[in-house]
Amino acid sequence: MLPCGPALTFVRCLVRKKNVGGESPEDSKLCRCLSTVDLIALGVGSTLGAGVYVLAGEVAKSDSGPSIVVSFLIAALASVMAGLCYAEFGARVPKTGSAYLYTYVTVGELWAFITGWNLILSYIIGTSSVARAWSGTFDELLGKQIGHFFRTYFKMNYSGLAEYPDFFAVFLILLLSGLLSFGVKESAWVNKIFTAINILVLLFVMISGFVKGDADNWKISEEYLINLTAITENFSPYENVTSIYGSGGFMPYGFTGTLAGAATCFYAFVGFDCIATTGEEVKNPQKAIPIGIVVSLLVCFMAYFGVSAALTLMMPYYILDEKSPLPVAFAYVGWGPAKYVVAVGSLCALSTSLLGSIFPMPRVIYAMAKDGLLFKCLAQINSKTKTPLVATLSSGAVAVSKRQAPVSATLTAGVISAVMAFLFDLKALVDMMSIGTLLAYSLVATCVLILRYQPSLTYEQPKYSPEKAALAASERESAVSESQINMIQENHFSLQTLINPSSLPTEQTATTVNFLVGLLAFLVCGLSVLTTYGTHFIANLEPWSIGLLAALVVSFILTLLLIQRQPQNQQKVAFMVPLLPFLPSFSILVNIYLMVQLSRDTWIRFSFWMALGFFIYFAYGIRHSIEGHRSDGDEDSCSENSGLQEKNPVEEVDEPENTNESDQFLAHERTNHYVQQH
């Protein structure tokens, strides 16, 4: 029997929000030992994977040409929009769980489970695919002897499975999972070493490219490309030849090609979100997490920008090798032995990327298990290493240790990833990573929009202190006047109040914003579908398509402007997203558009994964949810628990017994503000 009974209370169970008000940073069972530098290294290592050694050549040759540097700039700006949203939540709710937790405290339990479940999928596939890539790269250095041996003696002739079981990838995953189980500080040191080597190799590539490069490779004429096409395609001299390499110059495929390249380059910046899972393992999370996310994205952009510029300067874009562009480019300029330096950098990049994929997975599993949405055994913390050991090794392998770690979650995540890397051909599954990541990005941006327009935010409830309480006395009078304004505003709703709301947020304005954000998401989905599947009709100027496009664009802009008119909460935290509501809204637009681009087969596989997730949630999670048990003690067993503990100031006036609690929070904010200034 479900804990909520009737249909209405059942729905309330699905939208109940996590209450983190009674928790303090000292309550964490994890080891709080990471510094800001550790986070930057983790973000750079996770994001700046082997893609930097491969992606630049592939995109430059087929989509962007030399303008790939602009493609990376556009992709970086789109990624920064998502990164800033993560940074604000990292400052507001410095807890383990990343997008899962942020969704839980803002929009409710069901959406949080969907987010967490998809993050787990993304990390599992990411770990497995990177492990196979590491194995393949190492095999290339050995002349493909490992692959030849396993194809001869362990060949698997089954559809959907890999050509042969990858024992090396399994060993690698279990090795790194064991390292993570040993302790987060030790893992951070290994990550910093590999990341430093990777950065040094990339600096070598950039300097070499600018030394040996030729600026004329960015100025190739269209006439030259037409003649080249005629020669390579064996056209007759009398035929009207069109260049298959674009029109030459800096943007050979036009700005549309540059944009197409940016859509691909966007995925090169995926990985920074692993920083957001470290909220309970960082010494000063409110400042370290925002700085870590922003700086790591900046470093990654500079690396991608420099490598792609060096590559297209060293070698004309149309003869770049798509699979191993850097070794071929060095051979082209006469520096063939440099390929060994590139190989070392590539293996280090794959190692840090693999560590970055394994690292956040047990922490998301641990956070969900601790909240009761996944099996409780996954929330075990090793008392010595302070890491989620079972989650990490099931994210890697079973290891017995007495170090304080989330034991079960660590082991579970490793074992699952190792099995997938061992058996499956992951090429068809890699796109499913994108759905999970993009959905998480979209929901975090949505949560920021909703959160900033709430009337009261007390996401962290401090313990009572008489000294701090004394600081809150001067706030009492303003709270009374605010409550009176709220009372007046909430009794009247009209077009006038929508366009010209009160100067302070109320429950009414918060509800209005919730509705407008939902409408915004619907319009973004419509725009994405139309511009993806209706481009032919739009290009042919079909009246219905042009009218629908215009209606969607105008509605999108009007909705944005209406949200912008609503009053924001004035509470300050260490980092806040600028340009609200425009920046989060465009982040949602970019992420949903990229989700719509994914293939039908990807969405079908995704639906099977979600079906499994919903079975676990409705069979286990909804019954064992910690928030559900907390509310069982109340009169309404499934009343909506706001994760940020929204309070109505009117109640504070009518109920004096609540004033001490309010004084505590106001004093906490005033003290934090004072500390930040000094």
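For the structure given in this document, a descriptive report is provided here. (Residues numbered from 1 in each chain as written. Predicted model: local features only at pLDDT ≥ 70, side-chain atom pairs only at ≥ 80, totals over all residues. Heavy atoms only, no water.)

1. Details of unusual backbone geometry
- The peptide bond linking Leu580 to Pro581 adopts the cis configuration, its omega dihedral lying at 0°.
- With respect to the helices and strands, Pro581 occurs in the loop between helix H24 (543-565) and helix H25 (582-596).
- One non-glycine residue, Leu579, lies in positive phi territory at about 55°.
- Within the secondary structure, Leu579 sits in the loop between H24 and H25.
- The exposure class of Leu579 is exposed, given its relative accessible area of 62%. (Helix = DSSP H or I, 4+ residues; strand = E, 2+ residues; numbered from the N terminus. Buried < 20%, exposed > 50% of the residue type's maximum accessible area, 1.4 Å probe, protein only.)

2. Some words on the packing of helix H4 (residues 68-92) against helix H18 (residues 430-451)
- Contact geometry for H4 and H18: axes closest at 9 Å, N-to-C directions at 60°. Between H4 and H18, the angle is such that the two are oblique. As H4 runs across H18, the sense of the crossing is left-handed. Residues Ala82, Cys85, Tyr86, Glu88, Phe89 and Arg92 of H4 form the contact with H18, whose participating residues are Ala440, Tyr441, Val444, Ala445, Cys447, Val448 and Leu451. (Axes fitted to C-alpha atoms, helices over the stretch in contact; angles between N-to-C directions. Parallel < 35°, antiparallel > 145°, perpendicular 65-115°, else oblique. Left-handed = near helix turned anticlockwise from the far one by under 90°. Contact = heavy atoms within 4.5 Å.)

3. Some remarks on a nonpolar patch on the surface
- Taken together, the side chains of Leu200, Leu203, Ile207, Val211 and Trp335 make up a nonpolar region of the molecular surface, amounting to roughly 500 Å² of accessible area.
- Here Leu200 shows up in helix H9 (residues 184-212). (Patch = residues over 30% accessible without salt bridge, like charges linked within 9 Å, V, L, I, M, F, W, Y side chains within 5 Å. Areas by Shrake-Rupley, 256 points an atom, 1.4 Å probe, with all protein chains shown as cover. Salt bridge = Lys/Arg side-chain N within 4 Å of Asp/Glu carboxyl O.)

4. Describing the packing of helix H1 (residues 7-15) against helix H26 (residues 600-624)
- At a minimum axis separation of 11 Å, H1 and H26 run at an interaxial angle of 85°. If you check the angle between H1 and H26, you find them roughly perpendicular. Here Phe10, Cys13 and Leu14 of H1 lie close against H26, whose contacting residues are Tyr617, Phe618 and Ile622.
- Residue composition of the contact of H1 with H26, grouped by class: 6 nonpolar, no polar and no charged. (Nonpolar A, V, L, I, M, F, W, Y, C, P; charged D, E, K, R; others polar.)

5. Looking at the packing of aromatic side chains
- Enumeration over the complete set of coordinates arrives at 34 aromatic pairs.
- On the numbers, 6.4 Å between centres and 35° between planes, the contact of Phe10 with Phe618 is tilted. Of the two residues, Phe10 is situated in helix H1 and Phe618 in helix H26; the sequence distance between them amounts to 608 residues.
- Each residue in the set Phe10, Phe113, Trp117, Trp609, Phe614, Tyr617 and Phe618 is aromatic and connected to the rest through ring pairs, giving one cluster.
- Across from the ring centre of Trp189, 4.1 Å away, lies the NZ or CZ of Lys192, which sits over that ring.
- Over the ring of Phe359 we find Arg363; its NZ or CZ atom is 4.0 Å from the centre of that ring. (Phe/Tyr/Trp six-rings, centres within 6.5 Å; stacked < 30°, edge-to-face > 60°. Lys NZ or Arg CZ within 6 Å of the ring centre and 35° of its normal.)

6. Considering the nonpolar core
- Counting 165 residues, the largest nonpolar core has Tyr86, Phe89, Phe269 and Leu374 as the members making the most contacts within it.
- The greatest single-element share of this core, amounting to 14 residues, is contributed by H18.
- Each residue touching Phe89, except ones within four places of it in the same chain, is listed here: Pro94, Tyr102, Val105, Thr106, Val444, Cys447, Val448 and Leu451. (Core = buried A, V, L, I, M, F, W, Y, C linked by side-chain atoms within 4.5 Å.)

7. Quick word on the side chain of Ser71
- Here Ser71 lies in helix H4.
- In this structure Ser71 comes out as buried when scored by relative accessible area, which is 0%.

8. Side note on the pattern of salt bridges
- Taken as a whole and judged by the stated rule, the model has 8 salt bridges.
- Across the pair Glu280 and Lys370 runs a salt bridge whose closest N-O atoms are separated by 3.5 Å. Pair noted here: Glu280 is in the loop between helix H11 (254-265) and helix H12 (285-314) and Lys370 is in helix H15 (residues 360-370), with a separation of 90 residues, a long-range link.
- According to the relative accessible area criterion, Lys370 is partly exposed, its value standing at 31%.
- With a closest N to O distance of 2.7 Å, Arg363 and Glu281 form a salt bridge. Of this pair, Arg363 sits in helix H15 while Glu281 sits in the loop between H11 and H12, and the two are 82 residues apart along the sequence. Each member of the pair, Arg363 as well as Glu281, is classed as buried.
- Within the structure, one salt-bridge network assembled from shared partners comprises Asp38, Lys185 and Lys192.

9. Brief notes about the environment of Phe272
- Inspection of the secondary structure puts Phe272 in the loop between H11 and H12.
- Since its relative accessible area comes to 1%, Phe272 is described here as buried.
- As a C-alpha pair, Phe272 and Leu297 span 25 residues in sequence and 7.2 Å in three-dimensional space.
- Apart from the residues lying within four places of it in its own chain, the contact partners of Phe272 are Thr47, Ser79, Ala82, Gly83, Tyr86, Ile293, Ser296, Leu297 and Tyr441.

10. A closer look at the environment of Val130
- Its location among the elements puts Val130 in helix H6 (residues 109-141).
- Along the primary structure Val130 and Leu355 are separated by 225 residues, whereas in three dimensions their C-alpha atoms are 9.6 Å apart.
- Discounting residues that sit within four places of it in the chain, Val130 has contacts with Leu350, Ser353 and Leu354.

11. Notes on the side chain of Ser308
- Mapped onto the secondary structure, Ser308 falls in helix H12.
- For Ser308, a relative accessible area of 0% translates into the label buried.
- For Ser308, the contacting residues outside a window of four places in its chain are Ala56, Ile68, Val69 and Phe72.

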